[in-house]
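Commentary on secondary and tertiary structure
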Amino acid sequence: MDEAAFSALAQPGLQRLRAYDPGLDLVALRQSHPGLVELGSNENCYGPSAAARAAAVAAIDTAFVYPDPLGGALRRALAVHHGVGPNQLMLGNGSHELLMMLGQAFAGPGLDVVASQFGFAVYALAAQAAGATLVQAPALPGGRPMARGHDLAALAAAVGPRTRLVYLANPNNPTGTWFGAGEFGDFMAELPPTVLVVVDEAYLEYVTDSSIGTALDLLPRFPNLVVTRTFSKAHGLAGLRLGYLVAAPGLVAVLERLRESFNVNGPALAAGEAALADTAHVAYVRQANADERQALADALRARELGVSPSQTNFLLVDFGRDAAPVEQGLVARGVVPRPMGGYGLPTCLRITVGTRDQNRRFLQALDEVLA
Ligand SMILES: *Cc1c(COP(=O)(O)O)cnc(C)c1O
């Protein structure tokens, strides 16, 4: 029996899904290009806090026992950090796992999941894997200032009687755009309480614009709100796979029925606690990224390229023509960007803001490619 034959036996949602496409073979590229400049996955170019690293290394000594299935110590630390109860928190093997679990728990055949055009790809995946129908709301138009960002009015209009979940990101990947706290409060107030709204705040630690509050502030008012966070970006722990969500205790209790008991490993739990405590490291990362983000955006705009406004650690760059040859030219010179054809943005590349040296090498390669 081949894949098609087994696919016919799978649950309906799975029949229409394709497996994750890892794109470039980074392992091979690292071998062929020593010093490869990896700007494709929005990882933290400054690395994790030294304390988080030490905690993960120390936790290897107890890797022969199962980790705490409740992640108690980290959940208590996060509860204090965010001013919520530990029963409002669930840890995940990356926030990706939690985004998928929300779909499994609350969506399904006959139900709609609403997300935005140019929203993070995982939301569509979560809807499809659950066998639900994805309803895509149009994004704001291209062109500045808020190029291709979420249109909250369009998202609200896309919500219908079959909608169980809405996924949105603030700031959003891959556009880098954001919405303000006041605007989001109005959006929440419009929706019925039976529609669960998932706000993915993977990049919130990178935000420097004070108008962008966290949706966590609205949790007491809206029990249908779910906020996801991750240790993969500003905390620099992408490889350990650690994320969490904050929601009403009852919602967390339902999700607990689905959670695999040891979904977060011991080194990740230990590193997460240490990373959370090392606020100086996050502040350093935020400031260094903000400085480099501005410098890189200025440099790209000076080259007359379209650069979306960004409050994240990446920039969406519009070349105004097919970006595939640009991508190929960069990769040939040892710089890895993220192509955007899969998002319906074939003229764009997404570029992670790197260290000053990485950005210099990227711009140098870009100038050669564009020449
Ligand atoms: C990187 C990213 C995440 C984080 O995923 P993890 O599974 O926590 O590593 C979540 N949402 C968005 C929009 C992202 O870009």
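Because the structure is predicted, anything quoted here is derived from the model rather than measured.

Looking at empty space enclosed by the protein
In the structure shown here, the tally under the stated rule is two cavities of 30 Å³ or more. Estimates place the volume of the largest cavity at around 80 Å³. Lining the largest cavity are 14 residues, and of these Pro 69, Leu 70, Gly 71, Arg 259 and Asn 263 lie nearest its centre. Looking at the lining of the largest cavity residue by residue, the classes come out as seven nonpolar, three polar and four charged. What the second largest cavity holds in volume is close to 30 Å³. Lining the second largest cavity we find Glu 43, Asn 44, Cys 45, Tyr 46, Tyr 206, Asn 289, Asn 313 and Val 353. Taken together, the residues that form the lining of the second largest cavity break down as four nonpolar, three polar and one charged.

As for the UniProt feature "modified residue: N6-(pyridoxal phosphate)lysine" (unreviewed entry) in the chain
Here the UniProt feature "modified residue: N6-(pyridoxal phosphate)lysine" (unreviewed entry) sits at Lys 233. Among the structural elements, Lys 233 can be located in the loop between strand E7 (225-230) and strand E8 (243-246). In this structure Lys 233 touches Ser 41, Asn 42, Asn 44, Ala 202, Tyr 203 and Tyr 206, once residues within four positions along its chain are discounted.

Some points on the packing of aromatic side chains
This structure, assessed with the given rule, holds eight aromatic pairs. Look at Tyr 46 and Tyr 284: their rings are 5.7 Å apart centre to centre, the planes differ by 75 degrees, and that puts the pair in the edge-to-face class. Here the residue Tyr 46 occupies a position in the loop between strand E1 (37-38) and helix H4 (50-59), and Tyr 284 occupies one in helix H12 (residues 279-302), the gap between them amounting to 238 residues. With a centroid separation of 5.1 Å and an interplanar angle of 0 degrees, the aromatic rings of Tyr 123 and Tyr 167 are classed as stacked. Highlighted residues: Tyr 123 in helix H7 (residues 121-129) and Tyr 167 in strand E5 (residues 163-169), separated in sequence by 44 residues.

Describing helix H9 (residues 181-190)
Every α-helix carries 3.6 residues per turn, so stepping three or four residues along brings you back to the same face. Regarding H9, the residues found buried are Phe 184, Gly 185, Phe 187 and Met 188. End-on, the buried residues of H9 take up no more than an arc of 160 degrees, which puts them together on one face. Turned more than 90 degrees away from the buried face of H9, the exposed residues are Gly 182, Asp 186, Ala 189 and Glu 190. Where H9 is buried, its residues meet helix H8 (152-158), E5, strand E6 (196-200) and E7.

Basis of the calculations
Residues numbered from 1 in each chain as written. Predicted model: local features only at pLDDT ≥ 70, side-chain atom pairs only at ≥ 80, totals over all residues. Heavy atoms only, no water. 1 Å grid on protein atoms, 1.4 Å probe; cavity = no way out; pocket = protein on both sides within 12 Å on 5 of 7 lines; lining within 4 Å. Points joined across faces, edges and corners; volume = space filled by probe spheres on them. Nonpolar A, V, L, I, M, F, W, Y, C, P; charged D, E, K, R; others polar. UniProt positions renumbered as here; feature names shortened; annotations may be inferred. Helix = DSSP H or I, 4+ residues; strand = E, 2+ residues; numbered from the N terminus. Contact = heavy atoms within 4.5 Å. Phe/Tyr/Trp six-rings, centres within 6.5 Å; stacked < 30°, edge-to-face > 60°. Buried < 20%, exposed > 50% of the residue type's maximum accessible area, 1.4 Å probe, protein only. Arc of directions from axis to C-beta.

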